[in-house]
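# Geometric and topological summary
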Amino acid sequence: MSNFETLASNTVLGGLIAATLYAATYLSFIRLLRFPRNWIQPSQKEVLTTGLLGITTIAWVSLSSLGPDLNCLLIATSFIVTMAFIIAAPALCFRPANKALEFLARHSEHAGLWLLVPALVVCLIIPGSKLQSMLLTAMTIELLWFFRQHWKQLNKVIYPLTPSDRSVFKIHARGDLKGFCQNHGIKELIISESDFSWRGCSKNTAPCPFNLYVNKLGLNTAPCCREHMRDISHYVSKCLLEIGAIHWLEGGSLLGAVRENGKLLEWEDDIDISVLLDEDITWDSLSDQLVEQGNKDGYFVDTFEEKGLISVSFDTPKPWPFKWERNRLRGEIRVDIAIYRRATNHGAVVLERQSPKGVMPATENGGYGVPLELVLPTAKIIFEGGNIACPHDSGAYLRLLYGNFQEIEYTYINPAAARNRLLATTVK
Ligand SMILES: [Zn+2]
């Protein structure tokens, strides 16, 4: 008997290997979801690794010493593909998505458990198999995920809503607030006879499903999330000051600071801060120090060198193997740190970034750039109750990014939400 046949015929060992292979595929897959969440093309190496792990799992549970088992092959393949869609739905919905994916994302807390009954039926029909072991592992992971998410909801705290929050809700709901909340699965809004309040997120809960509420429905940023955004923006600014990195408030956050008198835009979905790399502050030194500091202070830091992006999130870094399960959530409160470098563009010195921002002009090097003198030396601006670094000429910087930035423009994924929202501002 060959080594493979010996292994394949050993039920316990075969089952253990099947469980390990599934768990490895799961971990690799949830790690991969960090890319769609950040609107980034996944790295080929990571796609290949996850794909190979998935194929190996399917092959292992479908092969026996007697040869391939077609039933096991079909069941394992359809189970893994279905589970992949269920798990990935929230991350895929960070971009516009079809109704099926939106539906799965909305039920992401428990959707994996829908496969529990079919999995049990298969386990009864094909007992003692490697397939059984894989299915039980998957269901255990889904049960643990569900219970942890469910228990975390108990830690929610009540926040009052501002008059603007209420007005935006009313406009979107068109007179049927309860129906609106039911339709969209908004569980946080507490409606009483005379008032509304919000069951808000904290570091001990999952964040509010930002992606749906703010980006797709056009609601105001939840009061809890606004508070955490304030916290994290000053935290990141303090870290960058300590590191000695030249940085400035960027994009929508700078727009809020300038146009809304030092406040976040009401529909803000992240904080943007930019950092200039130079001889003293390199990518490695910056990302290493931020990751180390984040681990110490309880902020999750993820780095995407190929895109020049570091994201700092308002959630405590979890130990392995739970580290990447956060990618199954529908939102996160975070600061996106975009990297700039000095470059020459048609003979002029610019600060250049790799990814587009607003209508920032493209450079001859394939990036996007702003004239150096608009940014350096940086100045200070009041932002959410504290000072934060901003470009030297914030007005000119914003004009370069957004044109007439004094005019309110909604850039939601869903155009209907933008139209409703515009109506809301005229009523306010
Ligand atoms: Zn929140």
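Please read these numbers as outputs of a predicted model, since none were measured by experiment.

A few words on the overall build of the protein chain. Summing up its helical and strand segments, the protein chain has 17 helices and 14 strands in all. Taking the principal axes of its C-alpha atoms as reference, the protein chain extends roughly 75 × 60 × 35 Å. Looking at the protein chain as a whole, 39% of its 428 residues qualify as buried. Sequence separation of at least 24 residues holds for 63% of the intrachain contacts in the protein chain that already meet a minimum separation of 6.

Bringing unusual backbone geometry into the picture now. Of note, the bond from Trp-320 into Pro-321 is cis; its omega dihedral lies within 30 degrees of zero at 10°. Its location among the elements puts Pro-321 in the loop between strand E9 (309-313) and strand E10 (334-345). Going from Leu-376 to Pro-377, the amide bond is cis rather than trans, its omega being -10°. Looking at the secondary structure, you find Pro-377 in the loop between helix H15 (372-375) and strand E13 (379-383). With a phi close to 55°, Asn-261 is a non-glycine residue in the positive phi region.

This next bit is on the packing of helix H5 (residues 70-92) against helix H6 (residues 99-106). Axis separation between H5 and H6 bottoms out at 8 Å; the angle between their running directions is 100°. The orientation of H5 with respect to H6, classified from their angle, is roughly perpendicular. Contacts from Phe-85, Ile-86, Ala-89, Pro-90 and Leu-92 of H5 reach H6 at Leu-101, Leu-104 and Ala-105.

Moving on, we get to the sheet that holds strand E5 (residues 196-200). Spatial ordering of the open sheet is given by E3-E5-E4, a layout of 3 strands whose pairing is antiparallel. Two strands close off the open sheet at either side, each with one partner strand: strand E3 (157-160) and strand E4 (189-191). Taken over all neighbouring pairs, the strand axes of this sheet differ in orientation by 35° on average, direction set aside. On the sheet, helix H12 (residues 223-243) packs against E3 and E5 and is oriented at approximately 55° with respect to E5.

How two helices sit against one another is set out by the angle between their axes and by the gap between those axes. Where helix H13 (residues 251-259) meets helix H16 (residues 394-402), the closest approach of the two axes is 10 Å, and the angle between their N-to-C directions is 130°. Viewed along their axes, H13 and H16 adopt a mutual orientation that is oblique. Note that H13 runs across H16; the crossing there is left-handed. When H13 is examined against H16, the residues Gly-251, Leu-254, Leu-255 and Val-258 are found in contact with a partner set consisting of Ser-394, Gly-395, Tyr-397, Leu-398, Leu-401 and Tyr-402.

Moving on to the domain arrangement of the protein chain. Per the domain assignment, the segments making up the protein chain are domain 1 (3-153), domain 2 (157-208) and domain 3 (223-427). Computed from C-alpha atoms alone, the centre-to-centre distance between domain 1 and domain 3 is 35 Å. Contact residues are listed per partner, giving 15 residues for domain 1 and 13 residues for domain 3. At the level of elements, helix H2 (11-32), helix H3 (34-37) and H5 are the ones that each hand at least two residues to the side of domain 1 that touches domain 3. In terms of residue class, the side of domain 1 that touches domain 3 is made up of 10 nonpolar, 2 polar and 3 charged.

Residue position: Cys-201 is located in the loop between E5 and helix H11 (210-216). Placed 24 residues apart in sequence, Cys-201 and Cys-225 show a C-alpha to C-alpha distance of 7.0 Å. When sequence neighbours within four positions are dropped, the list of residues in contact with Cys-201 reads Lys-156, Ala-206, Pro-207, Cys-208, Cys-224 and Cys-225.

On to the nonpolar core. One recurring pattern in soluble globular proteins: nonpolar side chains tend to sit buried together. Membership of the largest hydrophobic core comes to 63 residues, with the highest contact counts inside it found for Ile-232, Leu-249 and Val-312. At 7 residues, H12 tops the list of elements feeding residues into this core. For this core, the domains that each give at least three residues are domain 2 (157-208) and domain 3 (223-427). Apart from residues no more than four positions distant in its own chain, Leu-249 is found in contact with Leu-254, Ala-257, Ile-273, Ile-381, Phe-383, Ile-388, Ala-389 and Cys-390.

To continue, consider the pairing of strand E8 (residues 300-304). Pairing between E8 and E9: 5 bridges, direction antiparallel. Bridge pairing links Thr-303 to Ile-310 in E9. In textbook terms, the turn of a hairpin is the stretch between consecutive antiparallel strands, and for E8 and E9 this stretch comprises 4 residues, one of which, Gly-308, has a positive phi near 60°.

With that out of the way, let us pick up H16. What H16 keeps buried is the set Ser-394, Tyr-397, Leu-398, Leu-400 and Tyr-402. Projected down its long axis, H16 shows its buried positions confined to an angular sector of 170°, all on one face. Taken together, the buried residues of H16 touch H13, strand E12 (368-371), H15, E13 and strand E14 (386-390). Two residues or fewer past H16, Gly-403 is found with a positive phi of approximately 70°.

Let us now look at helix H4 (residues 44-62). Over its 19 residues, H4 runs 27 Å from end to end, which matches the ideal 27 Å to within 8%, given 1.5 Å per residue. What H4 keeps buried is the set Thr-50, Gly-54, Thr-57, Ile-58, Trp-60, Val-61 and Ser-62. Looking at the buried residues of H4, the elements they touch are H2, strand E1 (63-64), strand E2 (67-68), H5 and helix H8 (130-153).

Next up on the list: the environment of Leu-400. Note that Leu-400 resides in helix H16. Given 20 C-beta atoms within 10 Å, Leu-400 falls into the buried group. Residues Leu-400 and Ala-23, 377 residues apart in the sequence, show an inter-C-alpha distance of 48 Å. Aside from chain neighbours lying at most four places away, what touches Leu-400 is Met-360, Val-370 and Leu-374.

Calculation rules
Residues numbered from 1 in each chain as written. Predicted model: local features only at pLDDT ≥ 70, side-chain atom pairs only at ≥ 80, totals over all residues. Helix = DSSP H or I, 4+ residues; strand = E, 2+ residues; numbered from the N terminus. Buried ≥ 20, exposed ≤ 12 C-beta atoms within 10 Å, placed from the backbone. Contact = placed C-beta atoms within 7 Å. Axes fitted to C-alpha atoms, helices over the stretch in contact; angles between N-to-C directions. Parallel < 35°, antiparallel > 145°, perpendicular 65-115°, else oblique. Pairing = 2+ DSSP bridges. Left-handed = near helix turned anticlockwise from the far one by under 90°. Domains from an automatic or database assignment. Nonpolar A, V, L, I, M, F, W, Y, C, P; charged D, E, K, R; others polar. Core = buried A, V, L, I, M, F, W, Y, C linked by C-beta atoms within 7 Å. Arc of directions from axis to C-beta. Expected span 1.5 Å × (residues − 1).

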